[in-house]
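One-letter residues, chain by chain:
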Amino acid sequence: MKKQNISNRIWLLAIFILLFASCTKIEYTQIAEPAYLRVFNNVNYVQTMGSKDDKVPYFCMLINPKIGSDGKFTGAEIIGDFLDKRDPYAPPYPSHIGNSTDPSNPEYPGKENVLVGPILNGFDLSSWAQVPSGEVRVVFAYRPKNTVPFFELEDRLKNDILIDTVINLQSKEVYTLHLLQTDFIKKDHGILLRHENFYKLPLSDSLVYVNFYNMSAKGFWEADASLKDDDYRLKSFKNGVKDEMNVFLSLYESQEELSHYAAKVNGYQGRFLTTVKRNTSSNEVNAYASFPLWASSKSNGIRTAIWQRFDFFTLGMDPVTNPFYDSDTNTGSNWAVLNCLLNGKVGLTSNENGTLLPNLLVNVHSGKDNPRTFATVNTIEIVNGRVYLTTIQRKYAPPIY
């Protein structure tokens, strides 16, 4: 009988634990008039002879910090801790939550369980966090690259501030904040707060949109190569691009032909798209260029296999007058190439100098179609020899099985 009683108690304890766990929930901080904010750390750490003494740009972001009687930070209304350098690709959905036990966060909100943005004009803003609107104080503090939360660190490790400034955020508006280097030689840093407008534009479901920014530091492309990242994956972007570049688009018929000599879509064989100028200060949103989702005659209105190649040429050059070899990775910053195909990790079979990022188009199971191709809104940003892609997508019909 005693064994039976013990067994019953164990079962009751197990049920209690399960019920308690299922009822446990995250307590979110309610914000009456929120703005929607996404934050990227564009400051990369590179181990070269010229940077071996630089601080590791690993941060804690504080919005509206609280100050103790001793003048030191004791907390904040919003804390974005363990902010690491950004990933090359920011997909159209929160991809970081629950993916690893590493606290390092490639963006904010990223891994943070916080209240996020709603669906505006059909666009899913779940990668943007709700933050207070109005004038808010923003601090980026250096922190050690470990797993200790910022406010549990020793006091001496909490006072190294890179940025301390005030920004103005309007209620129910969408912003992307970039932490970046502004001068490569002087090692100056700053922020760029972009007031996004994609959700306000009359964008077509049958067009793919993309805009471009060069947020590289002043003096980067002119600096000696020994001061820059020698990552072979950067290819022709490694040394940077000049301060003003023309962008040309080529569309390829199929991701099954991984060669830049493969068949191109008619009318998109090095078509001029736009001009991009280096900028680390203006928060102006650059205009979106577009191309048809169903540009290929082989598409069927449900799925298309096209992929994109962007050529960045200095003024006066273009794909026809290009004086460089396809495989050149050092072009004097006059030409750089970006290939957007598959998941951004499968290289071309042809000998060429393109950096890889994922396809701008999204293929997912939607309705009865598995997969179905959807158009997206994209931003491509060049920062000190690296290229980043952010993709935004409208909500689509859930799959039918």
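Our structure's up above, just so we're on the same page.
Residues numbered from 1 in each chain as written. Predicted model: local features only at pLDDT ≥ 70, side-chain atom pairs only at ≥ 80, totals over all residues. Heavy atoms only, no water.

Caption draft 1: Summary view of the pattern of salt bridges. Applying the stated criterion across every chain, the model contains 17 salt bridges. With a closest N to O distance of 2.9 Å, Asp-160 and Lys-55 form a salt bridge. Of this pair, Asp-160 sits in the loop between β8 (134–142) and β9 (161–169) while Lys-55 sits in the loop between β1 (34–41) and β2 (59–67), and the two are 105 residues apart along the sequence. Owing to a relative accessible area of 30%, Asp-160 belongs among the partly exposed residues under this scheme. Its salt-bridge partner being Glu-154, residue Arg-156 comes within 2.9 Å of it at the nearest N-O pair. Take Arg-156: its relative accessible area is 62%, and that puts it in the exposed class. Assessed through its relative accessible area of 48%, Glu-154 is described here as partly exposed. Counted as one network, the salt bridges with shared partners bring together Arg-86, Arg-194 and Glu-381. (Salt bridge = Lys/Arg side-chain N within 4 Å of Asp/Glu carboxyl O. Helix = DSSP H or I, 4+ residues; strand = E, 2+ residues; numbered from the N terminus. Buried < 20%, exposed > 50% of the residue type's maximum accessible area, 1.4 Å probe, protein only.)

Caption draft 2: Geometry of the packing of aromatic side chains. In this structure the tally under the stated criterion is 16 aromatic pairs. Here the aromatic rings of Phe-212 and Phe-312 are separated by 5.8 Å at their centres, their planes lie at 80°, and the arrangement is edge-to-face. Note that Phe-212 is positioned in strand β12 (residues 207–214) and Phe-312 in strand β16 (residues 307–314), a separation of 100 residues in sequence. Relative accessible area serves as the criterion here: at 0%, Phe-312 is assigned to the buried category. (Phe/Tyr/Trp six-rings, centres within 6.5 Å; stacked < 30°, edge-to-face > 60°.)

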